[in-house]
Amino acid sequence: MITKETARDVIDYGLSLGADFCELFIEKNQSQYIQLLDQKVNNLQGGISFGVGVRLLFGTKVLYGHTNKASKEELKFIVKSLCAKDRRDPRVNSTNFSFEQFTNIHPTLHGLNNDILLDEKVRYLMKVDKAARDQSEKIVQLDAGSLQRHQQIEIFNSEGLHIGDERHYTRIFASAIAKDGAEQNSSFEGPGALMGWDFTAGVNPQALGEEVARQALLKLTADECPGGKLPVIIDNGFGGVIFHEACGHLLETTSVAKKASVFHDKMGQMIANPVVSAVDDGLIQNAWGSLTIDDEGMKTRKTQLIKDGKLESFMVDKVGAMKTGFERTGSGRRQNYRYAPTSRMRNTYIEPGHYSLEEMVSTIDHGIYCKKMGGGSVNPGTGEFNFAAQESYLIKNGKIDRPLKSATLIGTGPETLQKISMVGNNLDMAAGMCGSSSGSLPVTVGQAALKVDEILVGGNA
């Protein structure tokens with residue numbers, strides 16, 4: 001997207017001002033958003049953006065700027081401005097660019113650069129809407145939408161790297177509101193993939209509409225949740241959001257290097273119950289959080305974070321590796337050219353165990369079964385969390401009993417890891433967005449069902 005000559009001149013200029021490392025991240029991004037509200041197209045947006053991010057390192061000090069102009073003069077002006085306070089005699093010479101080629105392991109047919117008709121997408125969303133409304137007259141609002149993105153990137157750096165990639169993202173959204181008198185509840189589903197519109201061939205719109213309606217209707221007749229310290233089973237899929245938020249961020253070198261994570265000095269130590277093994281895997285074909293290369297140009301990989309309870313690895317970007325001494329893991333990510341990369345999660349999940357859900361439930365006389373987790377909040381340094389269950393049930397005498405509403409799980413990630421005593425065999429994953437210092441990114445969370453022996457449950461009963 002820019003010439004090698006321009007990249008060479010700009011990078012050499014940065015090194016001549018004393019930088020130890022200079023990188024150009026060039027991005028072209030096309031997006032399309034369709035929103036259907038109450039059986040009508042309510043919002044249709046699309047656009048193309050372009051820009052260049054310039055990163056300079058003086059030791060481990062990061063200087064970053066960006067522009068949407070790709071001329072040599074503009075890029076050199078940014079470099080000069082960034083170096084104004086740190087300029088010194090040259091210390092590093094650049095090497096010749098070597099273009100790296102790789103096989104894209106995330107095939108797609110219908111990205112935005114090879115798109116299908118808009119009418120077909122609207123018809124798909126209308127099927128979701130109809131399926132939800134057909135379940136009950138108590139479904140008073142249905143919101144369905146799709147988001148597609150085609151991201152093209154190219155990276156040059158002073159170590160001679162020249163590499164490019166194309167990423168196609170598609171995500172479907174559906175949310176329903178059910179109302180019965182003064183009682184009102186909502187639901188949400190949002191499957192996504194690193195794939196074009198062909199992803200929707202595997203997402204049945206009828207089933208998606210029925211599912212969001214079922215969730216919204218269920219809580220209209222649910223009982224209040226009991227409170228106190230109780231054994232809890234957190235089911236698969238989006239249940240992994242607690243590990244992601246309350247433990248995963250503590251394993252990124254962005255927090256480890258600053259010693260802001262409680263795990264910063266625990267490498268090789270037991271940080272979880274021995275039944276717990278967890279990974280961050282960028283290689284899962286077409287998964288929403290997957291990559292072929294990260295945003296520093298390194299091929300992504302599967303990283304074993306925890307093995308049988310022991311801390312095995314952090315998620316490490318270039319600067320994180322320089323600060324901590326740990327090997328890079330292909331985890332450098334950024335939302336777009338406006339952000340410098342930092343270490344971030346990709347597809348993060350707790351690996352499956354051997355128990356069926358029924359076996360796990362049978363061990364509890366009085367507790368809570370959280371079938372689907374919702375949103376929450378986390379203290380990023382300590383892992384203290386507060387998450388609401390979107391769908392939960394009482395466990396009574398070893399059986400799943402009646403549905404509950406307003407169940408909230410309160411605890412800390414590190415303590416909860418120690419209290420997981422059983423891991424199920426039903427691994428599943430779910431798409432989400434993760435916000436942190438390098439912007440908002442597509443990630444996948446996941447786990448099999450987990451039994452936590454004791455956790456504080458906030459309820460009203």
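Details of the structure are given in the entry above.
Residues numbered from 1 in each chain as written. Predicted model: local features only at pLDDT ≥ 70, side-chain atom pairs only at ≥ 80, totals over all residues. Heavy atoms only, no water.

1. Details of helix 2 (residues 72-82)
Okay, step 1: Turning to helix 2, its buried residues are Leu75, Ile78, Val79 and Leu82. Buried residues in helix 2, looked at end-on, bunch into an arc of 100 degrees, giving them a common side. Opposite the packed face of helix 2, turned more than 90 degrees from it, sit the exposed residues Glu73 and Phe77.
Okay, step 2: Residues of helix 2 that are buried sit in contact with helix 1 (4-16), strand 2 (40-58) and strand 3 (61-67). (Buried < 20%, exposed > 50% of the residue type's maximum accessible area, 1.4 Å probe, protein only. Helix = DSSP H or I, 4+ residues; strand = E, 2+ residues; numbered from the N terminus. Arc of directions from axis to C-beta. Contact = heavy atoms within 4.5 Å.)

2. Notes on the sheet that holds strand 11 (residues 278-281)
Okay, step 1: Pairing is mixed across the open sheet formed by six strands, whose spatial order is 13-12-11-16-23-22. Edge positions in the sheet fall to strand 13 (310-311) and strand 22 (428-436), since each of these pairs with one other strand and no more.
Okay, step 2: As paired strands, strand 16 (residues 347-350) and strand 23 (residues 439-447) are joined by three bridges and run parallel to one another. Pairing of tyrosine 349 across the sheet is with glycine 446, part of strand 23. (Pairing = 2+ DSSP bridges.)

3. A look at the pairing of strand 3
Okay, step 1: Sheet analysis places strand 2 next to strand 3, joined by seven bridges and oriented antiparallel. Following the sheet pairing, valine 54 is matched in strand 3 by glycine 65.
Okay, step 2: Linking two consecutive strands that pair antiparallel, namely strand 2 and strand 3, is a turn of two residues; a positive phi of about 65 degrees is found at glycine 59 within it.

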